[in-house]
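So the chains spell out like this:
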Amino acid sequence: MRITFRHALLAGALCAMAGGALAQETMRVGIVTFITGPGAGPFGIPARDAAQIIIEAINAGSLPAPYNSKGIGGAQVEMILVDEAGPATQVVQEYRNLVERRNVDAVVGYVSSGNCLGVAPVAEELKKLTVFFDCGTPRIFEESPKQFVFRTAAHAVMDNVAAARYILQRTPNLKSYAGINQNYAWGQDSWRDFTLAMQALRPGSKVTTEQWPKLMAGQFNSEISALLLSNADVVHTSLWGGDLESFIVQASGRQLEKKSKVLHTAGEQIMFRMADKIPNGTIMGARGPYGVFARDNELNRWFQVQYRAKAGVPPIYAAYHMANGLFGLKAAADKAMKAAGKRPTQDQIIKAFEGLEFEAPGLTVRMALSKGHQAVTETAIGTYQYDPATKTGKLVDVVRYPAECVNPPDGVDSISWLKGGMKGAKCQ
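To start, this report covers the structure provided alongside it. Computed from a predicted model, the values in this text were never measured in an experiment.

1. What to know about the overall build of the chain
Here is step 1 of the chain: Of the regular secondary structure elements, the chain holds 15 helices and 15 strands.
Here is step 2 of the chain: Over its C-alpha trace the chain gives a radius of gyration of 23 Å, about what one expects of a compact globule, namely 22 Å for 428 residues.
Here is step 3 of the chain: Counting only C-alpha atoms, the chain reaches 90 × 45 × 40 Å along its principal axes.
Here is step 4 of the chain: Per-residue burial over the chain gives 56% buried out of 428 residues.
Here is step 5 of the chain: Carbon and sulfur atoms provide 52% of the accessible area of the chain, an area that totals close to 17400 Å².
Here is step 6 of the chain: Of the charged side chains in the chain, 45 are positive and 38 negative; the average position of the first set lies 1 Å away from that of the second.

2. So, the sheet that holds strand E9 (residues 261-264)
Here is step 1 of the chain: What the seven strands build is an open sheet, ordered E7-E6-E8-E9-E10-E14-E15; its pairing is mixed. Every interior strand has two partners, whereas the edge strands, strand E7 (206-211) and strand E15 (392-401), have only one. The average angle at which neighbouring strand axes cross in this sheet is 25°, direction not considered.
Here is step 2 of the chain: Relative to E7, strand E6 (residues 176-180) runs parallel, the two sharing four bridges. If you follow isoleucine 180 over to E7, its bridge partner there is glutamine 211.
Here is step 3 of the chain: Helix H6 (residues 156-170) contacts strand E8 (234-237), E9, strand E10 (283-285), strand E14 (379-387) and E15 of the sheet and is inclined by roughly 95° relative to E15.

3. A short note on the packing of helix H3 (residues 88-101) against helix H4 (residues 113-126)
Here is step 1 of the chain: Where H3 meets H4, the closest approach of the two axes is 9 Å, and the angle between their N-to-C directions is 30°. Between H3 and H4, the angle is such that the two are roughly parallel. Handedness of the H3/H4 crossing: right-handed. Here Ala88, Val91, Val92, Tyr95, Arg96, Val99 and Glu100 of H3 come into contact with H4, specifically with Asn115, Gly118, Val119, Val122, Ala123, Glu125 and Leu126.

4. Comments concerning the side chain of threonine 377
Here is step 1 of the chain: As for its position among the elements, threonine 377 is in the loop between strand E13 (374-376) and E14.
Here is step 2 of the chain: Accessibility expressed as a relative area gives 2% for threonine 377, which makes it buried.
Here is step 3 of the chain: Once residues lying within four places of it in the same chain are set aside, the contact partners of threonine 377 are Ala154, Met158, Pro289, Tyr290, Leu363, Thr364, Val365, Ala403 and Asn407.

5. Observations regarding the environment of glycine 362
Here is step 1 of the chain: Along the chain, glycine 362 falls in the loop between strand E11 (357-360) and strand E12 (363-369).
Here is step 2 of the chain: The class for glycine 362 is buried, based on a relative accessible area of 2%.
Here is step 3 of the chain: With 42 residues separating them in the primary sequence, glycine 362 and glutamate 404 have C-alpha atoms 18 Å apart.
Here is step 4 of the chain: Every residue in contact with glycine 362, bar those within four places of it in the chain, is listed here: Ala294, Arg295, Asn297 and Asn300.

6. A closer look at helix H12 (residues 317-340)
Here is step 1 of the chain: Its 24 residues place the ends of H12 34 Å apart at the C-alpha level, agreeing with the 34 Å of an ideal helix rising 1.5 Å per residue.
Here is step 2 of the chain: Most of H12 sits inside the fold, with 19 of its 24 residues counted as buried.
Here is step 3 of the chain: One or two positions beyond H12, positive phi appears at glycine 341, with a value near 80°.

7. Remarks on the packing of helix H2 (residues 40-60) against helix H11 (residues 298-311)
Here is step 1 of the chain: Where H2 contacts H11, the axes come no closer than 10 Å and their chain directions differ by 115°. Classified by chirality, the crossing of H11 by H2 is right-handed. From H2, Pro46, Asp49, Ala50, Gln52, Ile53, Ile54 and Ala57 reach across to H11, where they touch Trp302, Phe303, Gln306, Tyr307, Lys310 and Ala311.
Here is step 2 of the chain: Here the residues of the contact of H2 with H11 sort into nine nonpolar, two polar and two charged.

8. Examining the pairing of E11
Here is step 1 of the chain: Of the two faces of E11, only the one carrying Phe358 and Ala360 is buried; Glu357 and Glu359 on the other face are not.
Here is step 2 of the chain: Sheet analysis places E11 next to E12, joined by four bridges and oriented antiparallel. Note that in E12 the partner of alanine 360 across the bridge is leucine 363.
Here is step 3 of the chain: Between E11 and E12, which pair antiparallel in sequence order, lie two residues; one of them, glycine 362, sits at a positive phi of approximately 85°.

9. As for the nonpolar core
Here is step 1 of the chain: Val108, Phe247, Phe303, Met322, Leu329 and Phe358 are the most contacted members of the largest nonpolar core, which has 90 residues in total.
Here is step 2 of the chain: When residues in this core are grouped by element, the largest group, 13 residues, is from H12.

10. Observations regarding the pattern of salt bridges
Here is step 1 of the chain: Applying the stated criterion across every chain, the model contains 16 salt bridges.
Here is step 2 of the chain: Residues arginine 48 and aspartate 49 are paired through a salt bridge, measuring 2.9 Å at the closest nitrogen-oxygen approach.
Here is step 3 of the chain: Take aspartate 49: its relative accessible area is 8%, and that puts it in the buried class.
Here is step 4 of the chain: Connected through salt bridges with shared partners, the residues Arg96, Glu100 and Glu125 form a single ionic network.

11. Focus: the state of the cysteines
Here is step 1 of the chain: What the rule picks out here adds up to two disulfides.
Here is step 2 of the chain: Put simply, cysteine 405 and cysteine 427 are joined by a disulfide, and their sulfur atoms are 2.1 Å apart. Between cysteine 405 and cysteine 427 the disulfide shows an S-S torsion of about 85°. By sign, it is right-handed. You can see cysteine 405 sitting in helix H14 (residues 403-406) and its partner cysteine 427 sitting in the segment after helix H15 (414-419), a full 22 residues away along the chain.
Here is step 3 of the chain: Relative accessible area serves as the criterion here: at 0%, cysteine 405 is assigned to the buried category.
Here is step 4 of the chain: Taking the relative accessible area as the measure of exposure, cysteine 427 reaches 30% and is therefore partly exposed.
Here is step 5 of the chain: Each bonded cysteine in the chain gets a number by its place in the sequence, and the pairs come out as 1-2, 3-4.

12. Focus: unusual backbone geometry
When glycine is set aside, most residues are seen to have a negative phi, and most peptide bonds are trans.
Here is step 1 of the chain: Proline 66 follows alanine 65 through a cis peptide bond whose omega is 10°.
Here is step 2 of the chain: Positionally, proline 66 belongs in the loop between H2 and strand E2 (76-83).
Here is step 3 of the chain: Phi at glutamine 255 takes a positive value of approximately 55°, unusual for a residue other than glycine.
Here is step 4 of the chain: For glutamine 255, the location among the structural elements is in the loop between helix H9 (241-253) and helix H10 (256-259).

What counts and what doesn't
- Residues numbered from 1 in each chain as written.
- Predicted model: local features only at pLDDT ≥ 70, side-chain atom pairs only at ≥ 80, totals over all residues.
- Heavy atoms only, no water.
- Helix = DSSP H or I, 4+ residues; strand = E, 2+ residues; numbered from the N terminus.
- Rg over C-alpha atoms; globule rule 2.2 N^0.38 Å.
- Buried < 20%, exposed > 50% of the residue type's maximum accessible area, 1.4 Å probe, protein only.
- Areas by Shrake-Rupley, 256 points an atom, 1.4 Å probe, with all protein chains shown as cover.
- Lys, Arg positive; Asp, Glu negative; His and termini not counted.
- Charge placed at Lys NZ, Arg CZ, Asp CG, Glu CD.
- Pairing = 2+ DSSP bridges.
- Axes fitted to C-alpha atoms, helices over the stretch in contact; angles between N-to-C directions.
- Contact = heavy atoms within 4.5 Å.
- Parallel < 35°, antiparallel > 145°, perpendicular 65-115°, else oblique.
- Left-handed = near helix turned anticlockwise from the far one by under 90°.
- Expected span 1.5 Å × (residues − 1).
- Nonpolar A, V, L, I, M, F, W, Y, C, P; charged D, E, K, R; others polar.
- Core = buried A, V, L, I, M, F, W, Y, C linked by side-chain atoms within 4.5 Å.
- Salt bridge = Lys/Arg side-chain N within 4 Å of Asp/Glu carboxyl O.
- Disulfide = S-S within 2.5 Å.

Listed below in structure tokens is the structure:
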């Protein structure tokens, strides 16, 4: 049969119609994390691997209950992966591209607090559902309310309040402490929150030195010298990614741990990569009850098996944070679909997300702060111990803290709560 121009137009129209129908059954989700650069190996790649595992299972309907229905809100997920590496201006432009050019239905992403601070107002401007899976600064929601932005991990106040409580339990005669933190939002907020918590819990203790290296500086010789000279009982640090790895090697090479107990609020991420490099007695957190701290539930057993099969190592907290983001998005969309009786709109998903409580690997997440847009969870901290016989490390003397012990109450900003002596904290 001869193909005429009219036939071609008709075929094109039919294809366009078919494409439109397909698009209606597909949810395009932008996944943003570090794929290159110093933050990739210890953090971004584990988060990416977790996203790939979970989205594949979502599409196949092979997740454990209550997530064993196919898709998110009845739609198959198309994952669009974007590298977070680069200056904040570039990261924000990539976000705009995801929304305006690639027409994503939602974005799940961002490790860096600086990037989240840049993206959040743009997400509100473009009115696009955006789930921050990590970036710990409490400023995201406390500086201004958000309608389209959610965060499914607790913010960094939890990490530093728990760290202060733990170190004072383990060092009852503590008189002084020092800090080395990256000189941007995450590091600044972490140190501020830790010092305010210490002032509330141990008013007589003193800061001996504060060190502020640039983000991803990699070299810390002068900072370590200052820490050694300060003779602090404890050194607090929120270093992460390549900076954390470099600091561990450089500080242990100069035996900082012989003079001060070193406390890493985000240290769990390097346990498996640097097991024989971390000094015994190092105190570590995992930004929540993740990784080695994760409780046993069906989702966690599934996640552990699937992640080990893909990556060859156990999942660290970055992978768990990404899992929180995706399970939260699915839980909200599925809840909205059940209420609507059909594939939900963005507004319906947002309404279902606000104040949501959902299960994730190893824990229950409650969207309890900032009008239901900010999660709270319990957390845990432990002390590192390396076993030369098995060439593996573990965390011992683990203490768990309920969410109500280490997070401010809803409606109270973090600084006011810390300066007020953390009134209302329930730690039993």
